[in-house]
Structure formats: structure tokens, C-alpha cells
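# Remarks on the overall topology
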Amino acid sequence: MSVANQTEETSLSKNLDWDVLWERYGIAVVLIIGWIFAYFFVPKFSNPDNMLNVIRQSAFVGCAAVGMTVAIISGTFDLSVGSTLALSAYLGVMVVSRTENIPIAMLVTVLVAMAVGAVNGFLITRVKIPAFITTLGMLFIVRGLSFIISKGGEPVRYNGKAFTWWGNGSLFGIPTPFLVLVICALAAWFILTRTAFGRYVFSIGTNSNAAKVAGVPVDSTTSWIFIVVGLFTGVSAFLIGSRLYSAGPGLEPGFELNVIAAVVLGGTRLAGGRGSMLGTVAACILYATMGNVLNLLHADAFFQRVAVGLVLLLALSIEGIRQRMFERASRQISTAE
Amino acid sequence: MENAPEVGKHPVHVMRGINRLWEIDKTMSKNSHNVVLEVQGLTRRFPGVLALNQVDFDLRAGEVHAVVGENGAGKSTMINILAGVLQPSAGEFLLDGNPIVFHNPADAQQAGISVIFQEFNLIPHLSVSENIFINREPTRNGMIDWKSMHQRAEEALKRLEIDIDPRVPVSSLSVAQQQLVEIARALAFDARVIVMDEPTAALSEREVDRLLEIVSSLAKDNVGVIYVSHKLEEVFQVADRITILRDGAHILTDVASTLDEEKLIYAMVGRALVHGKCPDRTLGEVVLTVKNLNVEDSVHNVSIELREGEVLGLAGLMGSGANEVVEALFGLRKAQADEIVLQGKALAIDNPRNAIQSRLGYVPNDRKTAGLLPDLSLKQNISIGILERLRKFFWIDSDREHEAAETYREKLNVRCSSLDQRISDLSGGNQQKVMLARALAEDCKVLLLAEPTRGVDVGAKAEIYSLIDLLVESGMAVLLQSSELPEIIRLANRVMVFSSGQSRKELTGEELTQEAVMALATRV
Amino acid sequence: MKKTMTKIWKSYSIGVVVVIVGIVLSLLTPRFMSMSNLLNVMTNASLVAIMGLGMTLAIASGNFDLSVGSTAALAGCISFSLVPSIGVPASIVAGLAAGAIVGFINGLIITELRVPAFIATLGMMTIIRGVALIYTDGKDLYLFGQTEYKILSGAYLFGIPTPIFFAVGIALLLGFVISQTRFGRHILAMGSNLSASERSGIPTSRVLWAIFSIVGATAALSGMIISSQVLTANGRLASGIELSAIAVVVLGGTALSGGQATMVGTLLGALLISMVNNGLNLLNVPIFYQELTVGVLMLGALAVNISQGFDIRSLFRRQA
């Protein structure tokens, strides 16, 4: 039989490496291919303004997706980000419209979102309500709060140049929101891969019981994870408010599921333990690109929706099918013995 | 080399020779004994380990045939093969004299073989009757015929004289009752062979008696029972014949009445200690004192004193409390004790994090569920407990992390292609070394080891033993919990033998032999 | 004794809460107890309840379905569009069939492509909504004159609006299935212990397909009733309702972990939310407090349940 020092799994590990590569870089590769194709074959895509706009668009979901990536790597997720987005954007725009003070507005936006995250963390780790239900309940509560605060859903508006620059302007030719996204993604990736906190996030996701036995502070890490989700959601909120010159409770319906879809499409699987920030960013750009290309091709606006869901299912089916093949193969090995 | 089992005092082939002569005699009278199931030359290989080596076995209708052996003897493997879960590498199955092959659990069940595993196959939310008739529920006009099902369930239960209301959900039953439901289910399937895997591990004394009564009545009903256990007293109470396995080989099969505990134990463990006994050690100060530790229902009033430079062994079979002691000390179980003092400081440990901070290191007995971080690399698995120490400003100093990991990789001779290799790609032995490295990296004063060489190949085992020697030489204090007798004798200078949650006796020096440990461990 | 009390509270707590809230509301505003208002409350409850009933089945089996809102919209659109050509009864059947097919596809994606239920139904959610929008070209569909369609929402039977009959009827039907048929018991088995179910030979894939088909059909019915109420169907219908459907099930007492189901609970959960919303309306509390209350109710209910520390699985785990 095989070499004594190998487990049964290693004879199949070559297959597994392909899966890891696909997870990490697959979507980025698809994105590049997509862009090359679009550049040459889709009329008006190669227009610089157009391409920059696509990149700009990707950042609004992207920043929140960065935070969600952290959560999903740790094996959980947050359904309340859409409502949090609306609430914090509203408060941020309101503050900036009253005070004309950008830094304060940024701070308020982010802090409000982080506060929601803290509540999520508390309910999950202390009261021990499962994350799905906690964040679902908070989705309703926070949305209700934003309606209440906005006295019935009246959006607040502000179009001061300094403020709207964040969502609509550019720096050195690159759309500002995208720069923010890149900074966020890099910062988050740094934290995930270089800090103890990040290490703990991965270990909880890969095997939370083993993490506990190894001395990882599971509860406090989990609480902080939700605060981090809030942080990045707040960034998205600020950018969107700036982009739209306004914010109201009805902001971006379905946002939470879009964010989760982007993260999962990007290669970070719901099971946790591993993930790809590059993939998240690439997936956001990919979604924005798809929307743009379909527009330019005068495709049915509604076909976009279909495309979005289809792409997600396709990407995950690839893994599902590989998994079936893996199962079939491993069954053969144990019988061949 | 890797295919050869650990041979002991009586080389396997000699035993087989003796058995062959005896078997010829047996074959002549076998057919008159109504053999239901027979296994010839059963062999099963895993990478690096020969779990079963040419085992012969037969079961007669209406007999209770016990299979006895210690950890690693091959009992679980044999059970899994009988259940159709694993395939044999070689060997033949005969059912009523006709050859048969089980490709999967359904085949085995069709053939009338029912296996009751330690992890029950029950559906907690459904009623007893539904569990008994799962997927074969009697129906009338498309609806479930509750009356008929409950009635038939009650009959099945009555047959075993079990007094359980078949209408209640299985989750409301005690573990012992759930086990009885599993048996009832097997019978309702018209099983001709029922295999029980360590059935009394979680039962109270009275429940054990009840179970043994039921086993006897099963036999009276002409069902063949394979009773796998290492609780010798029970085995003697209920078995007609006893088969002993040791290191994957068939050692002995005989009528229970001609065997006694001494013979049994000798057959179970009688082997030359390949690893020998533990070296002489110089002991230092007392470093850990535990007085009257109680852990829920598993451990009663255990007191421990551990010195620097010594390895204190906690021996015992599953459920004896030895493992629970170690888990409690590390904060994985709720426990009370009059006193726990480590290096002069009183300890209150209620979670692994403060255990580690108090300089206790731990290697869990099941690295798959409680140890390894599968998606992480070798290096990251080692450093997970010391990340705060490796800090540079607010991030991890990757050079120091690499250095630390490399130090331990070398020290423990972990074979890998690189420190960044994914831990799940390593072999069992190397993975276990990484677990050890993690504990050592935490600079612990007391090392708690639970089954440290479980699932580890022979070569790595020896390396780990040498390492433990070195560690204690430099002053480490080690608490070693193991159910592998040669291991505990090789490593521990003192052994506390556990059974039923209590420490029975402390063995050391000359009196520390496999037989002595086993004799104490199998006492109820 | 304590065990029985816990059991009663666990099974009927939502009912108790409904009664208490009902009493409180009727004290606060006499209009609450009027027959027409109560019927109104129950009718509104029925809309989400019907969807929730199918969802209960999915959750009992250890899954859930995020695509129900989209399926509702699609079914409404397909149904409306076919009325002129094949008449009302057939188009209602067509709508149901469409829902069932969508559900079946969900099931296939989960079992054959091994995509986790969350992602599978998330993807289908956007796909199906896109399909609905494409099918209607983004426009609204109207019913002119074919008022037989009103049977779904506007007709009265013994003075009680039909949606309530549908809700109760489906609750009875599915309750029957869950408690009296092999299929239903197997659903619970899968949610309770999937591996044991597989090992016992239960055809888990087929059961899953059937479950999701039913979920799709109930979502379709919900969608058609909603469309029938406003006599309009479009692709934007029932956006975001999926999370409300899940909330209703959880409020009703069916655990997300699976293995048990209470159809009555789901009905009561929907009723509670509808009551609260209605009460807040009558009290002239701004409409946006409603969502807040739903969320608070959900979390409150779960916090209470969890503080009782009752985990059915802990009774089953063997302590060796």
C-alpha cells in the first residue's frame, strides 16, 4: 500500500489544491477575462469614463463586503447590514447637513454602525441567540429605528461639494470610493493575516471547538467581528450617502443579501476557515461590470438580475460538482483496500 | 516493515499454529453447533497500520460470543466491517455456510446483521415506535397506522421486557433506555446477529444488570450476539464463548467457563514490552496538587500530586474517569475540588484560556474534533497559543513566528514539506507532533497529555516517547492519560488506575505491569 | 410537574402571548375587537402565514428558502397573464405549478449540485425575480373584469374572507402531513438527525425535492392572493417578504435547527405580527414602529426560550 507517512487523504490532495486556487483566485481570473472580452467586444465599454464608473460602482457594496468577509471567514454572517447601512447613512448625512463637518459626519456614520454591531455581538455571545436569528431580528429593529428617526422615511439631503466628493469624485484619476475600498480591503486583509485577532477569526471558522481548546478567546473575538462588520458597513454608508447626496430608510433594499452574495462569489465559503479578500473585491467589480455590460448591450435591465443569481449559482456548482467527484473517488479508495 | 503488527511474547504464527490444531477439532463439531456467521482470514489495512491480521471468528445461533481486547486490538475495525461500513482488505464472510459480501450497511442489515454502535443511530425528535420502524412505518390508506405501529413496538419492547412507552420521543429517554430502543429496533428487523459495541460504557450498575439480562434472553431467542467489551466482569457474566484480539490478531477463542480473568488478561496484553519500561527519573518539587476533584458524574474524589521531572500516568478504560480528570484540569469540564495548587498558587480554571495562562499545556485525545485547525498551516497551528507573545507593535512578528515554529518542528522532527503546509495534509503522527509543539510553545510547566499517540504510526510513536523523556529530564511535569498499556508503562513512573470515576490504586516499580493495570481497570 | 409546565409554555407560549396582546389591544382601543377589524387582521396574517407554512416544512427539515418572495411574484405574474387565454381556474393552477417547479429546481440545486441551501435559494431569489420582471417586461399586469380571480382574496365564505380559509386549510393539511404521513415524519427525521436518516435508508434527496416544491407552491399561492387583492401583478411583488416568512416561523416556535414543526405556531406567529401592526395603526402609532416591534418580538421570544436552556439535543448526547 502507500507510504506509511501519508494519510488516506493525501493521495487526493492534488485535487484539493485546485479547489484552493479556484477559491482564492478564480473570480479574479474570471473578472480579468471578462474585462478583456468586454474591452474588445462590447461597444463603448472601453470608454475610460465608463470603465472608471464601473470601478466606482463596485465600491459601495464592496466596503461592506469587506467586513462581511471577515464574518463569513469566522463561520457566521450578518443579515442586519442593510438596515444598519440605512440608519448610519441617514444619521451621517443629517450630521453633515447640520454641521458641514465632514470628519464628524464620517465618525458618526461609522460609530452608529459599529454600535449596531456591538449589540449583535452581545446578543450572540452573551444571550446566546444564534447569529441568523439575532441579525434577522436586528434587521427589523434597526430598519424600524431608521424610519422612526427619519420621521416616516423622509430622506435627508445635502450636497456640499466636500461631502459629495467622497462618493462622486476622483483622486489621481481613480474614483475616490474605489480608493477607499482598496484601503479597506488592504487594511482588513492585513488584520486578518497579520494580527492575532485575524488568526483567531480564521481558527474559529475552521474549527471553533478546537479554537476554544487552543485558548482562543472565542466570545470576545466574535463580538469584535460584528463590530468590524459594522465598521465597514458604516464606510459604505458614508460613501453611498455622499454619492446620492441623500440618505433615507429605504436605502438599498436587499443590500445584505447582495453583500453576502458578493463575498461568497468571491471565494469565501459559508463554512468558514478560509477566504479571499481579493475575491470579494473582484466579485464586487464583477457584479458592477456585468451590470454595465448588460446595459451597454441593451440587454433587458431585468436580465441583470437573472445574471447576478446565475453567476453565483454557477460558481458554487463548480465546487459542488467537484465535491461529488471527490466523494466518489474516496469511496473507491476505501473499498479498493 | 509497516505491514508487520507488533508481535509479542507469543508470535502470531505460533498462536495460529496452536489454534489450527484446536480448530480442526472445532470444525468437526462446528456444524452441529449451528454456525450463523463465520469470518475467515479477515484482514484490514490502513496506511501505516495493520488493524486486523487474518482473524478467524464464528458465531453460533443463540450464543453470546464476547470479543475482548484493549484499545487498538482491532475490535472497532471488525465491528465496522461486520456493519458493512468498511470493506476488508482480505478475508471471507460466510452466512449460514454461504459466502456473502457486504458492500454497504444496507447489505449487512438485509443479511440480518444489526450493529449497535456507541453513537446511536436514533432520531431524537421522533417517538420510540417511529425509530424502531424508521423507513418501514406501517401505513393504512396512506397514513401512518399509529395503532399498529405502537402495538408492534410495544411487542418488540415487551419481548425484551423493557418498560418504555413507545409513544414518547426518544430524546426524553435516558441513555440506557435509548440503547434498549436500539436493540428493540434490531430485533424488529428480524436480526439474527446483533453486534454490541461497548454497550455498557454509559450505564449505571443497575442498568448494566438489566442489559445483561436482555442479552441473555436474546440468546435464548436464538439470536446470535457479538458482545464487544473490555469490561471483563460483565463478559464473564453473560458470554458463552470469548474471543481475544490483540494487536489485530486473533489470539484465542474458548468457552467462557474454561477461562478466568487471569488467563484473559494475559492473553489480552501478554506481549513483550517492545518499548520497555520507563527510565529512571529524578524527581523534583511538587508542582501540582489536586485534592478531591469531582467532575459531575464522571469523577469522584480524586487527589493527585505531581512532581517536576515525573510522568504520572492515569490509566483506565473509556468512561473510567481518567480522561475527564484531565479535561477538568484544563477547564473543559465543570468541576469542583477542595484544592488545586500549581507552583504554590491556588488555581481556579474554568476555561482553556486561563489554563494556558496558568502554564498548563494540553494535548487533547481527539485532535480531529478538538485539536487541529484544519485550514491553517502547520506553523499557524503551533503558534495559535502564543500569538500575544509574538507581537511586534500590533501585529504578529512573522520572523519570530517562523523561528518558533521551526524550533519545534526540528525538536519534534515533524516531517513536512514546509512550515506553511496545510496541517490536514500531514500524516497522523506528524499532526500529533504539531499538537505537542503547540503545548510546548506555550512554555507550560505542567503538560496534560490525553491519548498522545492515538492514530499515530509506530515510528512517530517512538519519537514522541523519547521526546517526553527529554522533557521530563529538563524539569517538565507530565500528566499522561492513556488507555494503551504498553505506552503508559513505557512512560510513567507512577500510574493511577481508574475505574468508575475513582482512582483504584497507584502502581509503581515492580508491581507496575500490564496485567496489574488491566486487572484494576476492569474492576467495576 | 416542572417539565410539563415547561412543555406547555414551549408549545403554547406564542398562543399565550397572542391572547395577552389581544386583550391589551382591545383595552387600548375598542375598535380592535370589531368583527370587521378582526377579519382584517386575520386576512393580513394569512398572506404571510401561507408562505410561512411552507417555510415551516423547510425549516423542520433543517433548511430554509430565501426565494419565496420572488416565487410569489413570478406565480402572480404568470397566473395573471394566462387568465385571458385559459380562464381563471386553470391560471391559478398554472401559478401553483410554476411555484412548485421553482421549488423543485431549488431542491435539485441543493442535492445534485451540492450548493448549500442558503446560497442556492439566494441565487434563485435574484434569478426568479429577474425572470418575473422579464416575463412582464417590467410592467404591471391587470385583470379587467375577470373577477372570479377575486375568489382568492375578495370572496367571502360564511362571511369570512377566503385567504383565511386558505391559511387554515393549508395549516391543517400540512399539519396532517407532518404528523400522519411517512413523508412528513421523514421530514422531521432529516431535520433531527440527517446522518441517521440517511443510514436508515430514507431517500433524503427525494424528500428534499418534495419539500421545496411545496414551499414553492405555498409561496405561489401567497403571491396570487396578494396580486388578487390589488388586482395587479408585477415583478416587484413581495420583495423582502422572505425574511418576514422566516421570522413568522421562528416566532411560532419552530426551531431553526429542525426536527420539529408547529403549523399552529406559524399561524399564531403571523397572527401576532398582524395584530401588533393593526393595533399600532389603530392607536395612530406611526407605521414604522411596526417593523421595530416585529424585531423586538422575535428577539424577545428567543431570548426567553434560550434562557430556559432547553436544548433537545443535549438529552440525546451520550456521556461516556
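What you are looking at is a predicted structure, and each value in this text was computed from that prediction instead of being measured.

This next bit is on the overall build of chain C. Secondary structure summary: chain C contains 12 helices and four strands in total. Its C-alpha atoms give chain C a radius of gyration of 20 Å, near enough to 20 Å, the size a compact globule of 320 residues would have. On the principal axes, the C-alpha backbone points of chain C span a range of 70 × 55 × 35 Å. With 320 residues in all, chain C has 55% of them scored as buried.

Attention now moves to the overall build of chain B. Of regular secondary structure, chain B possesses 18 helices and 24 strands. A compact globule built from 524 residues would reach a C-alpha radius of gyration of about 24 Å, and chain B, at 25 Å, matches this within 12%. Projected onto its principal axes, the C-alpha coordinates of chain B cover approximately 75 × 55 × 45 Å. The buried share of chain B, reckoned over its 524 residues, is 59%. Restricting to contacts in chain B with at least 6 residues of sequence separation, those with at least 24 account for 68%. Summing over all exposed atoms, chain B offers an accessible surface of approximately 21100 Å²; the carbon and sulfur share of this is 48%. Chain B carries 56 positive and 74 negative side-chain charges, and their two centres are separated by 2 Å.

When the parts of a complex come together, some accessible area is lost, and that lost area is often taken as the interface size. Listed by partner, the interface residues are 45 residues for chain B and 37 residues for chain A. Linking A:R199 and B:E401 is a salt bridge whose minimum nitrogen-to-oxygen distance equals 2.7 Å. When the residues that make up the side of chain B that touches chain A are grouped by side-chain class, the tally is 20 nonpolar, 10 polar and 15 charged.

Next up on the list: the sheet that holds strand 22 (residues 477-482) of chain B. Residues and elements named next belong to chain B. The strand order across the open sheet formed by six strands is 18-21-22-15-23-24, and the pairing between neighbours is mixed. For this open sheet the edge positions go to strand 18 (360-363) and strand 24 (502-508), each flanked by a neighbour on one side alone. Across the sheet, the axes of successive neighbouring strands diverge by a mean angle of 20°, strand direction being ignored.

Turning to empty space enclosed by the protein, a few remarks are in order. A water-sized probe, rolled over the atoms, reveals where empty space remains. In the structure shown here, the tally under the stated rule is three cavities of 30 Å³ or more. Computed from the structure, the largest cavity encloses a volume of approximately 60 Å³. Around the largest cavity, the lining residues are A:V213, A:A214, B:F330, B:I356, B:Y362, B:P364, B:M435, B:R438, B:A439 and B:E442. No other element matches helix 15 (residues 428-441) of chain B, which puts three residues into the lining of the largest cavity. Here the lining of the largest cavity is composed, by residue class, of eight nonpolar, no polar and two charged.

Before going further, it helps to spend a moment on the domain arrangement of chain B. On domain assignment, one finds that chain B holds domain 1 (62-84 + 103-269), domain 2 (274-359 + 444-524) and domain 3 (369-443). The distance between the C-alpha centroids of domain 1 of chain B and domain 3 of chain B comes to 43 Å.

In this complex, chain C contributes 42 residues to the contact, which on the side of chain A involves 45 residues. Roughly 3800 Å² of surface becomes buried between chain C and chain A when both sides are summed, with 82% attributable to carbon and sulfur atoms. When the buried surface of chain C facing chain A is broken down by residue, C:R114, C:F288 and C:L299 rank first, second and third, together holding 18% of it. The interface formed by chain C and chain A includes two salt bridges. The partner of C:E291 in a salt bridge is A:R143, and the shortest N-O contact between them spans 2.7 Å. The interface formed by chain C and chain A holds three residue pairs in polar contact (both at pLDDT 80 or more) in total. Within the residue set of the side of chain C that touches chain A, elements represented by two or more residues are helix 4 (88-112), helix 5 (117-136), helix 10 (241-252) and helix 12 (289-307) of chain C. Of all the elements, helix 5 of chain C adds the most residues to the side of chain C that touches chain A, at 14 residues. When the residues that make up the side of chain C that touches chain A are grouped by side-chain class, the tally is 31 nonpolar, six polar and five charged.

A few words on the pattern of salt bridges. Applying the stated criterion to the full structure yields 36 salt bridges over all chains. Here B:E388 makes a salt bridge to B:R391, at a shortest N to O gap of 3.8 Å. A relative accessible area of 38% places B:E388 in the partly exposed class. Residue B:R391 is classed as partly exposed on the basis of its relative accessible area, which comes to 40%. Shared partners join several salt bridges into a network, and the residues in it are A:E23, A:R274 and B:D375.

This part is about the sheet that holds strand 17 (residues 345-346) of chain B. What the four strands build is an open sheet, ordered 14-13-16-17 (chain B); its pairing is antiparallel. Edge positions in the open sheet fall to strand 14 (299-307) and strand 17 of chain B, since each of these has one partner strand only.

Here the focus is the pairing of strand 2 (residues 49-60) of chain B. Residues and elements named next belong to chain B. The buried fraction of strand 2 is high, at 10 of 12 residues. Across eight bridges, strand 1 (residues 35-46) lies against strand 2 in antiparallel orientation. Residue pairing for strand 2: L37 is matched across the bridge by L59.

Residues B:L218, B:Y227, B:I242, B:L447 and C:F118 are the most contacted members of the largest nonpolar core, which totals 321 residues. Ranked by the residues each element gives to this core, the list is headed by helix 2 (residues 48-73) of chain A, at 14 residues. Every residue in contact with B:L218, bar those within four places of it in the chain, is listed here: B:L160, B:I183, B:L187, B:I194, B:M196, B:V223 and B:V225. Of all hydrophobic cores here, the second largest spans 34 residues; its members include B:V302, B:A328, B:A370 and B:L479.

Let us now look at the environment of B:Q357. Residue and element names in this part refer to chain B. Looking at the secondary structure, you find Q357 in helix 11 (residues 352-357). Judged by its relative accessible area of 57%, Q357 falls in the exposed class. Taking the C-alpha atoms as reference, Q357 lies 9.7 Å from G385; in sequence the two are 28 residues apart.

This paragraph deals with the packing of helix 3 (residues 68-86) of chain C against helix 5 of chain C. Between two packed helices, the angle of one axis relative to the other and the distance separating the axes together describe the packing. All names here are of chain C. Contact geometry for helix 3 and helix 5: axes closest at 8 Å, N-to-C directions at 20°. Put simply, helix 3 runs roughly parallel to helix 5. Considering how the two elements wind past one another, helix 3 and helix 5 form a crossing that is left-handed. Note on element contacts: helix 5 touches helix 3 through M125, I128, R129, V131, A132, Y135 and T136, opposite G69, S70, T71, A73, L74, C77, I78 and S81. Among the residues forming the contact of helix 3 with helix 5, the class breakdown is nine nonpolar, five polar and one charged.

How each quantity is defined
Residues numbered from 1 in each chain as written. Chains lettered and ligands numbered in written order. Predicted model: local features only at pLDDT ≥ 70, side-chain atom pairs only at ≥ 80, totals over all residues. Heavy atoms only, no water. Helix = DSSP H or I, 4+ residues; strand = E, 2+ residues; numbered from the N terminus. Rg over C-alpha atoms; globule rule 2.2 N^0.38 Å. Buried < 20%, exposed > 50% of the residue type's maximum accessible area, 1.4 Å probe, protein only. Contact = heavy atoms within 4.5 Å. Areas by Shrake-Rupley, 256 points an atom, 1.4 Å probe, with all protein chains shown as cover. Lys, Arg positive; Asp, Glu negative; His and termini not counted. Charge placed at Lys NZ, Arg CZ, Asp CG, Glu CD. Salt bridge = Lys/Arg side-chain N within 4 Å of Asp/Glu carboxyl O. Nonpolar A, V, L, I, M, F, W, Y, C, P; charged D, E, K, R; others polar. Pairing = 2+ DSSP bridges. Axes fitted to C-alpha atoms, helices over the stretch in contact; angles between N-to-C directions. 1 Å grid on protein atoms, 1.4 Å probe; cavity = no way out; pocket = protein on both sides within 12 Å on 5 of 7 lines; lining within 4 Å. Points joined across faces, edges and corners; volume = space filled by probe spheres on them. Domains from an automatic or database assignment. Buried area = accessible area lost by both parts, 1.4 Å probe. Polar contact = N/O pair within 3.5 Å; in protein donor to acceptor, adjacent residues only side chain to side chain. Core = buried A, V, L, I, M, F, W, Y, C linked by side-chain atoms within 4.5 Å. Parallel < 35°, antiparallel > 145°, perpendicular 65-115°, else oblique. Left-handed = near helix turned anticlockwise from the far one by under 90°.

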